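# Residue-level structure breakdown
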Amino acid sequence: MDRTKIILNESEMPRRWYNIMADLKTPPMPVLHPGTLDPIGPEDLVPIFPMALIEQEVAQDRFIDIPNEIVEAYRLWRPTPLIRAKRLERALETPARIYFKHEGVSPTGSHKPNTAVAQAFYNAKEGVKRLTTETGAGQWGSALSFACSLFDLDCMVYMVKVSYEQKPYRKIMMQTWDADVVASPSMHTNSGREVLKNQPKTSGSLGIAISEAVEDAVASDNAKYSLGSVLNHVLLHQTVIGLEAKDQMETAGDYPDVVIGCVGGGSNFSGIAFPYIRDKLAGRNLRAVAVEPTACPTLTRGVFAYDFGDTAKLTPLLPMFTLGHSFVPPAIHAGGLRYHGGSPLLCDLVRKRLVEARAYDQTDVFDAALVFTRTEGILPAPESAHAIRAAIDEATDAKNQGEERVILFCLSGHGHFDLSAYHAYLQGQLEDAEFPDEALHRALEKLKGVSN
Ligand SMILES: Cc1ncc(COP(=O)(O)O)c(C=O)c1O
C-alpha cells in the first residue's frame, strides 16, 4: 500500500520500553564518583533522583513495563505519525524512500515529553512535591513544566539568561503550565549568587543553570532534580519512538537501510535507533547515523575520556566523547545541540562502531530545513534539521549510486519558536561558527587531571 501517513491506534502503543543494555556483549564503562573515582552506587544518586529512576539507570532487563498512568498521559499525543516524505523524494529525484517519525506533534513540540512525563510520574509516586531543572533553548523546560502540571508537581526552571531574554514565548509557555521560571544565574542559589557577584553581566550557561537546579533540589526536603537527556533512563523512555516506528515501517512494508537522528545529549537519536540497533547486534545489516553541528562536534572531534557533565563539576564523571566541561560552544541556533559531552551509552556505541557520527555547518542545515519545509510543509526545529540534512545527503547518494535506499529519520521537533533563526537565514545573515583546532586543544587541556 502506498501510504503517506502511517498511524497506529492508541491500543497499538508500546507497553514496554526497550533497554539496549540487555543486548550489549560488553557494558559501557562505569560512571565514577569524582572524589573516590569508584563507580557510583544508588546511594550517591538518592539526593537527586527517585528510586524508580535510579533502578532504571542500572537496569539490565531487556524490556521495562510502562506504567498505565504514563501510557494514559502518552495518549495525549502518541502514537506519533510516521510519514513518508514523498514530496521530498520527488524534489530530490531520488529512488530512495524517505520516512520520518514526527515527534513535533507533542503538546510542547518535541520528543522531550516522552521522558518528562515518565520522570514526573515516578517522582510524584515517591512523594516528591517539586522538580527542578535547567533549560537552554526552552524545549526541555517546556516539556517538564507540562509533565509536572499533569502530575500535580511544582516545577522550577533555571533558564539560561540569554535564552530567557531572547525567547520570551518559551518562558510564557512554561508559566502557562504553572512553572516558576527564573533567569540563570539567579539570586535563588549560592552558585547563582557567586557567579553574579563576580560577573554581574554574564549571559549565563547551561553549566551554571545545572549547578543551580541541582543545588536547589539537594537543599530542599521535598524536591528532586530532573535531566532531559544523556542518562540511561532518559534514553530508555525515548525508545517508545523507535518501537512505534518499527511497527509502522512494518505496516509500510519497509525496513530502513539507514536510521538517522540529531544528537545533543543523545536522547532522540537513541530513542529511534536503539530498537533497530538491537537487530543490528543480532546480525541485521543497517546503518545508524548520529548528526551533530560542526560548531559543537562532540562525537566527530571530541576525545573519549572521563569528564564532568556540567561546567561547575557537580556531576559524577561520565565516560564519554567530550570537548571538555569548560567548552562554551558558539551561539548557533540549534541550542539543544550545544552540549560539550554526550550520553555514555551512545558514546559507547560510537566507539564500538555500531553508530556512525557526522557533523554539518548550520548554513547547510538551514538549506536542508528550507527544502523540507517547501516540500513537506513542516517547519523543523534547527536541531531536527541536522537529521534532515543527513537524510537528504543519503537520498542524493542513493540516487548517484542508483540504489533504492530506505531512509528513516527522527523529526525531533518543530521550529515554531525558532523563527528568529529562520529570519536570519532568510535575510542571508546566518553565519557558520568557526571551530578552530586551537579552541579544542585549549578546552581539552583543562581535562587533564580530571580522572587521573
Ligand atoms: C527539538 C530538539 N531536538 C533535539 C534535541 C537534542 O537533544 P537530544 O540529543 O537529547 O535528543 C533537543 C534538545 O533540546 C531539541 O529541543
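What counts and how
Residues numbered from 1 in each chain as written. Predicted model: local features only at pLDDT ≥ 70, side-chain atom pairs only at ≥ 80, totals over all residues. Axes fitted to C-alpha atoms, helices over the stretch in contact; angles between N-to-C directions. Helix = DSSP H or I, 4+ residues; strand = E, 2+ residues; numbered from the N terminus. Parallel < 35°, antiparallel > 145°, perpendicular 65-115°, else oblique. Contact = placed C-beta atoms within 7 Å. Nonpolar A, V, L, I, M, F, W, Y, C, P; charged D, E, K, R; others polar. Pairing = 2+ DSSP bridges. Core = buried A, V, L, I, M, F, W, Y, C linked by C-beta atoms within 7 Å. Buried ≥ 20, exposed ≤ 12 C-beta atoms within 10 Å, placed from the backbone. Domains from an automatic or database assignment. Right-handed = clockwise from strand over helix to strand, strands pointing away. Near = placed C-beta within 6 Å. Expected span 1.5 Å × (residues − 1). Arc of directions from axis to C-beta.

### Points about the packing of helix 15 (residues 362-376) against helix 16 (residues 382-401)
At their nearest, the axes of helix 15 and helix 16 sit 8 Å apart, and the two run at 80° to each other. With respect to helix 16, the element helix 15 is oriented roughly perpendicular. Here Asp 364, Val 365, Phe 366, Ala 368, Ala 369, Val 371 and Phe 372 of helix 15 lie close against helix 16, whose contacting residues are Pro 382, Ala 385, His 386, Ile 388, Arg 389 and Ile 392. By residue class, the composition of the contact of helix 15 with helix 16 is 10 nonpolar, 1 polar and 2 charged.

### Digging into the sheet that holds strand 8 (residues 180-184)
Taken in spatial order, the 4 strands line up as 8-7-6-9 in an open sheet, and their pairing is parallel. Looking at the sheet topology across the chains shown, the edges are occupied by strand 8 and strand 9 (223-225). Looking at each pair of strands side by side, their axes are set apart by 25° on average, direction ignored. Note that strand 6 (residues 130-135) and strand 7 (residues 154-160) share 6 bridges and pair parallel. In the sheet register, Thr 132 faces strand 7, and the bridge partner there is Met 156.

### A word on the nonpolar core
Counting 128 residues, the largest nonpolar core has Val 117, Ile 260, Ala 391, Ile 407 and Phe 409 as its most contacted members. There are two domains that each give this core at least three residues, and those are domain 1 (5-12 + 65-109 + 232-445) and domain 2 (113-227). Contact partners of Val 117, with chain neighbours within four places excluded, come to Ile 70, Ala 73, Tyr 74, Ala 147 and Leu 150.

### Details of the domain arrangement of the protein
Bring the parts together and some accessible area is lost; that lost area is often taken as the interface size. As assigned here, the protein comprises domain 1 (5-12 + 65-109 + 232-445) and domain 2 (113-227). The distance between the C-alpha centroids of domain 1 and domain 2 comes to 24 Å. In this complex, domain 1 contributes 26 residues to the contact, which on the side of domain 2 involves 26 residues. Counting only elements with at least two residues in the side of domain 1 that touches domain 2, the list comes to helix 3 (68-74), helix 11 (232-252) and helix 12 (267-281). Element by element, the count of residues in the side of domain 1 that touches domain 2 is highest for helix 11, at 5 residues. Residue classes in the side of domain 1 that touches domain 2 are distributed as 12 nonpolar, 11 polar and 3 charged.

### Remarks on the pairing of strand 7
Most of strand 7 is tucked away: 6 of the 7 residues are buried. Handedness of the crossover is the feature at issue here: the chain leaves strand 6, passes through helix 6 (residues 139-150), returns alongside strand 7, and the resulting connection is right-handed. Bridge count between strand 7 and strand 8: 5 bridges; the pairing is parallel. Directly across from Val 160, in strand 8, lies its bridge partner Ser 184.

### Overview of the site of the ligand
In the neighbourhood of the ligand, 19 residues make up the surrounding shell, with Gln 139, Ser 229, Gly 264, Gly 336 and Gly 413 lying closest. Taken together, the residues that form the shell around the ligand break down as 6 nonpolar, 12 polar and 1 charged. Inspection of the shell around the ligand shows a minimum of three residues originating in each of domain 1 (5-12 + 65-109 + 232-445) and domain 2 (113-227).

### Thoughts on the environment of Phe 327
Among the secondary structure elements, Phe 327 is positioned in the loop between strand 13 (317-322) and helix 14 (344-351). Sequence separation of Phe 327 and Ile 70 is 257 residues, and the distance between their C-alpha atoms is 36 Å. Aside from chain neighbours lying at most four places away, what touches Phe 327 is His 340 and Ala 443.

### Some remarks on unusual backbone geometry
Here the bond from Arg 78 into Pro 79 is cis, since omega is -5°, no more than 30 degrees from zero. Mapped onto the fold, Pro 79 is located in the loop between helix 3 and strand 4 (82-84). For the bond running from Ser 184 to Pro 185, omega is 10°, close enough to zero to count as cis. Inspection of the secondary structure puts Pro 185 in the loop between strand 8 and helix 9 (190-198). In this structure, Leu 37 takes a positive phi of about 60° despite not being glycine.

### Brief notes about helix 15
Compared with an ideal rise of 1.5 Å per residue, which puts 15 residues at 21 Å, helix 15 spans 20 Å between its outermost C-alpha atoms and is within 8% of the ideal. Buried within helix 15 are the following residues: Gln 362, Val 365, Phe 366, Ala 368, Ala 369, Phe 372 and Glu 376. Each buried residue of helix 15 sits inside an arc of 155° when the element is viewed along its axis, so together they form one side. Of the surrounding secondary structure, the elements contacted by the buried residues of helix 15 are helix 4 (86-92), strand 11 (287-293), strand 14 (356-360), helix 16 and helix 17 (419-426). Backbone geometry just after helix 15 places Gly 377 at a positive phi near 90°.

### Some details on the environment of Ala 116
The residue Ala 116 is located in helix 5 (residues 113-125) in this model. Taking the number of C-beta atoms within 10 Å as the measure of exposure, Ala 116 has 31 and is therefore buried. Ignoring sequence-local partners within four residues, the contact set of Ala 116 consists of Ala 143, Leu 144, Phe 146 and Ala 147.

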